[in-house]
Amino acid sequence: MKRFISSILCAVLIITALLSLSSCNGEKSKTYKTRGKTISYVYFNTESTLTVLGEVSDEDFNSYVSEAESLLSYYHKLFDIYYDYSGVTNIRKINQGAGNGTPIRVDAELLSFLEYCKELFTLTDGKTNVMMGAVLKIWHNARENAADNPEAAALPSEEELKAAEAHTLIDSLVIDREAGTVYISDPSASLDVGAIGKGYATERLYERLCEMGANHVALNIGGNIRTIGLDPNGEKWQTNLTNPDKSSAEFAAKFKLGQTACVTSGNYERYFAVDGVNYHHIIDPDTLMPARYFSSVTVITEDSALADALSTALFCVSYSEGIALLKNFSQPIEVIWIDNDFNIASTSGVEFVE
Ligand code: ADP
Ligand code: MG
């Protein structure tokens, strides 16, 4: 049973509140209308929120919410590897056609996304590889089996993983931009875009809301944070970083964000245990095992898709290799690493609070 999969994006809660915020220059306090909507996005086994802080009309707010729903639902279907949807040629369809030699016509949007995934493979030195489906499937099945029957939880065998590794070549994903087609040349290879898809969808929603004139917005799409503008006082947003050390304080740190994206990859949410050891869902392409360097890595940079891909990649390399990897990028990137003893390291531009 694939427990976390559902094909629908459903609205579960609408929060409307009046919030009093004091302006920081000592003027008398102002009242802002705060609107938030929480949506449950079950494919990612996680919740998403769209919050507008500041004056916003009902009409505008409702149009942002409906845009978010239709756009996220579109990408959800497009990136799904488990389900078909009528009228949608999605990643699952591409996977199903692997090796049959027939190019598949896809939306220009899916084509651009897959081209970007290939670019990110190169930029991350192959650490974030969307063609790792064959290996990720094995880990996914092990996790599902463990969830269904914890007593029988078992690790995949090394032989099985090694055999699958032979089918993870990025070049087996063949994209023909002019023809608008995609296919996978290796019948045993498959796409899994879990490391980038949410961030990419978040960035497209950010762009759309900007076009619609939205401001003072914080999106949290299953942990992918994307802000539009600053808060209504013109101050940076304050964010809490989840503490991977569950026996300690809820938050490991607090820091400020301007208009940017912020994504965390961590080992503390999706995992299964074998003989008292936890095995999580981010797989080091070199060892084919869950990466063991950190308990979380957070990336702050302008583009949410890049932040998503990079948080996965940096999770799969040591601190020094990560610092070297950042040199592949020209844009400003800030990183917070939390190691397995819960020590925090960061690049110099992270604006910690306190
Ligand atoms: P989350 O999905 O928890 O936000 P990530 O963005 O790091 O975390 O993505 C993890 C997902 O990406 C996994 O569930 C799996 O589907 C896929 N994945 C895991 N390891 C890799 C990897 N090295 N390269 C590409 N995809 C990966
Ligand atoms: Mg990621």
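Now for a description of the structure that goes with this document.

The rules behind the values
Residues numbered from 1 in each chain as written. Chains lettered and ligands numbered in written order. Predicted model: local features only at pLDDT ≥ 70, side-chain atom pairs only at ≥ 80, totals over all residues. Heavy atoms only, no water. Helix = DSSP H or I, 4+ residues; strand = E, 2+ residues; numbered from the N terminus. Buried < 20%, exposed > 50% of the residue type's maximum accessible area, 1.4 Å probe, protein only. Phe/Tyr/Trp six-rings, centres within 6.5 Å; stacked < 30°, edge-to-face > 60°. Lys NZ or Arg CZ within 6 Å of the ring centre and 35° of its normal.

1. Observations regarding unusual backbone geometry
- In this structure, His-216 is a non-glycine residue whose phi angle is positive, near 55°.
- Among the secondary structure elements, His-216 is positioned in the loop between α6 (197-211) and β7 (217-221).
- The exposure class of His-216 is partly exposed, given its relative accessible area of 21%.
- Of note in this structure, Phe-342 is not a glycine but carries a positive phi near 70°.
- One can find Phe-342 in the loop between β15 (334-339) and β16 (344-346).
- You can call Phe-342 partly exposed: its relative accessible area is 34%.

2. Some thoughts on the packing of aromatic side chains
- As enumerated under the stated definition, the model contains 13 aromatic pairs in all.
- Relative to Phe-79, the ring of Tyr-75 lies with its centre 5.6 Å away and its plane at 40°, an arrangement referred to as tilted. In this pair, Tyr-75 and Phe-79 both sit in helix α1 (residues 58-79), four residues apart, roughly one turn of the helix. For the pair formed by Tyr-75 and Phe-79, the shared burial category is buried.
- Feature note: the residues Tyr-74, Tyr-75, Phe-79, Phe-113, Tyr-116 and Tyr-200 constitute an aromatic cluster, connected by ring pairs.
- Its guanidinium or amino end placed over the ring of Tyr-206, Arg-226 lies 3.5 Å from that ring's centre, counting from NZ or CZ.

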